[in-house]
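Each chain is listed here by its residues.
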Amino acid sequence: MSAIVKEEDRNRISLTMKATERFVMFSCIAIGLAQLIALDERFAKILSKDRYLRTAARTKQSEGTVLSYLHKNLFRLLLSKQDSELTELILGLLEQDSDQPFSEKAA
């Protein structure tokens, strides 16, 4: 950073580094949550029905199975809980980027 003279360039580099650090941090949190879900036996039946595996696990699932399930079902699960604060936040952000409400698009 000492070789960079312009203050504007220093600020941009600093912001880029902070964004990269946050991305890595949230990625680690996401993988950790996937591991916790995979180890929880309550989710084993739900997750095992979602994806074919030659050797099905009865008590624990892999991170890949958890991520596959969430990839396919996350938004459906969120939209099934319309009164959730997280769902309201996401729908609000989607409506800000669009001319018509998201609920009308889905219909």
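Residues numbered from 1 in each chain as written. Predicted model: local features only at pLDDT ≥ 70, side-chain atom pairs only at ≥ 80, totals over all residues. Heavy atoms only, no water.

1. A few points about the packing of helix 1 (residues 7–39) against helix 3 (residues 63–80)
Packed helices, taken two at a time, are described by their axes: the angle between them and the distance between them.
Then, number 1: It is the contact of helix 1 with helix 3, at a shortest axis distance of 8 Å, that shows an interaxial angle of 105°. By the angle between their axes, helix 1 is roughly perpendicular relative to helix 3. Across from Ile31, Ala34, Gln35, Ile37 and Ala38 in helix 1, the residues of helix 3 making contact are Glu63, Val66 and Leu67. (Axes fitted to C-alpha atoms, helices over the stretch in contact; angles between N-to-C directions. Helix = DSSP H or I, 4+ residues; strand = E, 2+ residues; numbered from the N terminus. Parallel < 35°, antiparallel > 145°, perpendicular 65-115°, else oblique. Contact = heavy atoms within 4.5 Å.)

2. Re the nonpolar core
One recurring pattern in soluble globular proteins: nonpolar side chains tend to sit buried together.
Then, number 1: Of all hydrophobic cores here, the largest spans five residues; its members are Ala34, Ala38, Leu47, Val66 and Tyr69.
Then, number 2: Sorting the residues of this core by element identifies helix 1 and helix 3 as the ones contributing at least two each.
Then, number 3: Ignoring sequence-local partners within four residues, the contact set of leucine 47 consists of Ile37, Gln61, Thr65, Val66 and Tyr69. (Core = buried A, V, L, I, M, F, W, Y, C linked by side-chain atoms within 4.5 Å. Buried < 20%, exposed > 50% of the residue type's maximum accessible area, 1.4 Å probe, protein only.)

3. What to know about the environment of leucine 47
Then, number 1: Checked against the element boundaries, leucine 47 lands in helix 2 (residues 44–48).
Then, number 2: With a relative accessible area of 2%, leucine 47 lands in the buried category.
Then, number 3: For the pair leucine 47 and serine 62, spaced 15 residues apart in the sequence, the C-alpha separation amounts to 9.4 Å.

4. Some thoughts on the pattern of salt bridges
Then, number 1: Applying the stated criterion across every chain yields a total of two salt bridges.
Then, number 2: In this structure, the salt-bridge partner of glutamate 8 is arginine 12, at a minimum N-O distance of 3.9 Å. Pair noted here: glutamate 8 and arginine 12 are both in helix 1, with a separation of four residues, about one helical turn.
Then, number 3: Taking relative accessible area as the criterion, arginine 12 reaches 51% and is therefore assigned exposed.
Then, number 4: The closest approach of N and O atoms between arginine 12 and aspartate 9, which form a salt bridge, is 3.4 Å. Of this pair, arginine 12 and aspartate 9 are both found in helix 1, three residues apart, which corresponds to roughly one turn of the helix.
Then, number 5: Within this structure, Glu8, Asp9 and Arg12 form a network of salt bridges that share partners. (Salt bridge = Lys/Arg side-chain N within 4 Å of Asp/Glu carboxyl O.)

5. Here's the deal with the confidence of the model for the chain
Then, number 1: Taken residue by residue, the chain gives an average pLDDT of 78. The fraction at 70 or more is 79%.
Then, number 2: Across the chain, helix 1 holds the top mean pLDDT of 92, while helix 5 (residues 102–106) sits lowest at 53. (pLDDT = per-residue confidence, 0-100.)

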